[in-house]
Amino acid sequence: MMTLEQTTELYASVLRQLLPVGGYDRAPGSTIDKDIYAHAKAFAQADFDAKRLLQVINSIPVELINEYENALGLPLKCTTNVNRTIEERLEIINWIRHTTNVLNRTYVAQLLQIFGIELVELVNFKPFKCTDPSDSPVNTEVLRYKVKLVVRTPLNADMACIIKNYLPAFLRIDVVEI
């Protein structure tokens, strides 16, 4: 990592190159040179401050955890923060901030894990295809939008609430407890 002085010199050299062609006094110690150095020092300090701020932004200060939870709609429906440690709350905040694709097995497993439910198996049924014979049964276990979740008991959370609030409404979800 470059020091403040090295960064200042780098900005100063760039600013000198950006001067338009003309009759400037480019001698060291001239008014133009002092002005360039002052601007370069301000740019270098802003660069260092920005890098320091960006390092802090990626982490969530514990003092601001309630504000982050409010902004993200936490605590999650179907649960409370009463029994959660600060680390668990921060993990949930980071999980919500970084989760993008919600239609996969990993998302469902992570979501259920937050509620203390272990996902044993997720079964996606194959959809009916238009190339199937015309006498193929349509309303069977082979449905397009049907998913079976096999979870381990005992369940310490309300599965109906989780399904209603966090899984897509177009899915038909059957829960099998083992």
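Preceding this section is the structure that the text describes.
Since the model is a prediction, treat every value here as computed from it, not as a measurement. (Residues numbered from 1 in each chain as written. Predicted model: local features only at pLDDT ≥ 70, side-chain atom pairs only at ≥ 80, totals over all residues. Heavy atoms only, no water.)

(A) Fine view of the overall build of the chain. Secondary structure summary: the chain contains six helices and three strands in total. In the chain, the succession of helices and strands from N to C terminus is α-α-α-α-α-β-β-α-β. For the chain, buried positions account for 24% of its 178 residues. Long-range pairs, those at least 24 residues apart, make up 63% of the contacts in the chain with a sequence separation of at least 6. If you sum the accessible surface of the chain, you get close to 12500 Å²; carbon and sulfur atoms cover 56% of it. (Helix = DSSP H or I, 4+ residues; strand = E, 2+ residues; numbered from the N terminus. Buried < 20%, exposed > 50% of the residue type's maximum accessible area, 1.4 Å probe, protein only. Contact = heavy atoms within 4.5 Å. Areas by Shrake-Rupley, 256 points an atom, 1.4 Å probe, with all protein chains shown as cover.)

(B) Just helix H5 (residues 105–114), in detail. Residues of H5 that are buried include every one of Tyr107, Val108, Leu111, Leu112 and Ile114, and no others. One face of H5 carries all of its buried residues, which in axial projection span an arc of 150 degrees. With its phi angle positive at about 80 degrees, Gly116 sits one or two positions after the end of H5. (Arc of directions from axis to C-beta.)

(C) Up close: the environment of Pro61. Tracing the backbone shows Pro61 in the loop between helix H2 (31–57) and helix H3 (65–72). Taking the C-alpha atoms as reference points, Pro61 and Leu90, separated by 29 residues in sequence, lie 9.4 Å from one another.

(D) Structural detail: the packing of aromatic side chains. This structure, assessed with the given rule, holds two aromatic pairs. When the ring of Tyr11 is compared with that of Phe43, the centres are 5.9 Å apart and the planes differ by 40 degrees; the resulting orientation is tilted. Highlighted residues: Tyr11 in helix H1 (residues 4–18) and Phe43 in helix H2, separated in sequence by 32 residues. With a relative accessible area of 41%, Phe43 lands in the partly exposed category. Seen from their ring centres, Trp95 and Tyr107 are 5.6 Å apart, and the 10 degrees between their planes marks the pair as stacked. With Trp95 in helix H4 (residues 86–98) and Tyr107 in helix H5, the pair connects residues that are twelve residues apart, well separated along the chain. Relative accessible area serves as the criterion here: at 16%, Trp95 is assigned to the buried category. (Phe/Tyr/Trp six-rings, centres within 6.5 Å; stacked < 30°, edge-to-face > 60°.)

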